[in-house]
Amino acid sequence: MSAHEHAVLKHVETAAFRTILRSVAGSVSIVASGQGPDRRGLTVTAATSLCVEPPMVLACINRNAEAHDVILRTGAFSWNVLAADQVRLAERFAAMDGSKGASRFTPADWHDLATGAPVLLHSVCSFDCRIEDTLQVSTHTIIMGAVVAQSHNHDKRPLIYAAGRFGSLEYFDLAVPEK
């Protein structure tokens with residue numbers, strides 16, 4: 001097989017697909033919703049901008065995640081892009097330490113901006129969103145949100161997930177180029 005040819009599989013096995021996806025680097029985020037003891041959140045890499053006008057984002061949430069129904073019930077969520085120094089928080093919201101429910105929100109600093117969804121104070125950036133639409137796809141719900149408020153910490157480097165582990169962009173210039 002030449003460098004330009006690729007094997008085409010007639011059936012893609014789940015385990016192989018998951019392994020290959022680990023080659024795709026992604027930013028690590030926490031999507032959160034609810035208030036007080038009803039707060040729920042989870043670590044995701046499947047969240048991104050959708051459009052700029054109007055400002056909208058989307059997050060893909062597994063329907064079995066404990067945050068899923070809270071997000072839909074409240075009609076609002078936050079998308080919090082984690083900083084390189086927030087690996088433990090990413091692990092906590094991925095249940096790697098066994099935590100569940102509202103207990104995941106301590107000891108980090110959370111506040112709210114507009115919708116009441118919990119927003120992480122020291123993240124790279126956070127988007128406070130009102131749900132505009134949803135789409136059920138297999139095991140997940142694609143949740144599209146209109147951004148109603150946002151925050152940004154210019155000096156933070158993003159946390160990245162690739163090859164099955166967390167890392168950062170050590171040598172990437174974070175300065176926004178002038179136009």
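Moving on to the overall build of the protein chain. Across its full length, the protein chain holds 3 helices and 12 strands. Looking at the protein chain as a whole, 37% of its 179 residues qualify as buried. Pairs at least 24 residues apart make up 63% of the contacts formed inside the protein chain by residues separated by at least 6 positions. Just so you have it, the protein chain exposes about 11000 Å², and 55% of that area is on carbon and sulfur atoms.

Let us now look at the side chain of Arg 104. Relative to the helices and strands, Arg 104 resides in the loop between helix H3 (87-93) and strand S7 (110-111). Given a relative accessible area of 7%, Arg 104 falls into the buried group. The residues contacting Arg 104, other than those within four sequence positions of it, are Gly 41, Leu 42, Glu 66, Leu 89, Arg 92, Phe 93, Ala 95 and Ser 99.

What follows is about the sheet that holds strand S11 (residues 159-162). Ordered by their spatial adjacency, 3 strands build an open sheet running S1-S11-S12, and the pairing between neighbours is antiparallel. Both outer strands of the open sheet, strand S1 (26-27) and strand S12 (165-168), are each paired with one neighbouring strand and no more. Of the strand pairs in this sheet, S11 and S12 are connected by 4 bridges, and their pairing is antiparallel. Pairing of Ala 162 across the sheet is with Arg 165, part of S12.

Between Glu 53 and the following residue, Pro 54, the backbone shows a cis peptide bond with an omega angle of -5°. Structurally, Pro 54 can be placed in the loop between strand S4 (47-51) and strand S5 (56-62). Phi angles above zero are rare outside glycine, and Ala 95 is one such case at about 65°. Among the residues examined, Ala 95 registers a relative accessible area of 35% and is labelled partly exposed.

Right, let's talk about the environment of Pro 107 for a bit. Inspection of the secondary structure puts Pro 107 in the loop between H3 and S7. The exposure class of Pro 107 is exposed, given its relative accessible area of 76%. Spatially, the C-alpha atom of Pro 107 lies 9.4 Å from that of Leu 89, the residues being 18 residues apart in sequence.

A few words on the sheet that holds S4. Ordered by their spatial adjacency, 7 strands build an open sheet running S3-S2-S6-S9-S10-S5-S4, and the pairing between neighbours is antiparallel. In this open sheet, the two strands that pair with only one neighbour each are strand S3 (40-44) and S4. Averaged over all pairs of adjacent strands, the angle between their axes in this sheet comes to 35°, without regard to strand direction. In this sheet, strand S10 (residues 140-152) lies alongside S5 in antiparallel orientation, the contact comprising 7 bridges. Each residue of the ladder has a partner; that of Ile 61, found in S10, is Thr 141. Here helix H2 (residues 66-74) sits on the sheet in contact with strand S2 (29-33), S3, S5, strand S6 (76-81), strand S9 (125-137) and S10, set at roughly 120° to S3.

Quick look at the nonpolar core now. With 21 residues, the main nonpolar core has Val 31, Leu 42, Ile 61, Ile 71, Phe 77 and Trp 79 as its most contacted residues. Of all the elements, S9 adds the most residues to this core, at 4 residues. Setting aside chain neighbours within four positions, we find Ile 71 in contact with Val 31, Ser 33, Ile 61, Ala 76, Phe 77, Ile 131 and Ile 143. Judged by nonpolar contacts, the second largest core, of 11 residues, contains Leu 82, Ala 90, Trp 110 and Leu 159.

What counts and what doesn't
Residues numbered from 1 in each chain as written. Predicted model: local features only at pLDDT ≥ 70, side-chain atom pairs only at ≥ 80, totals over all residues. Heavy atoms only, no water. Helix = DSSP H or I, 4+ residues; strand = E, 2+ residues; numbered from the N terminus. Buried < 20%, exposed > 50% of the residue type's maximum accessible area, 1.4 Å probe, protein only. Contact = heavy atoms within 4.5 Å. Areas by Shrake-Rupley, 256 points an atom, 1.4 Å probe, with all protein chains shown as cover. Pairing = 2+ DSSP bridges. Axes fitted to C-alpha atoms, helices over the stretch in contact; angles between N-to-C directions. Core = buried A, V, L, I, M, F, W, Y, C linked by side-chain atoms within 4.5 Å.

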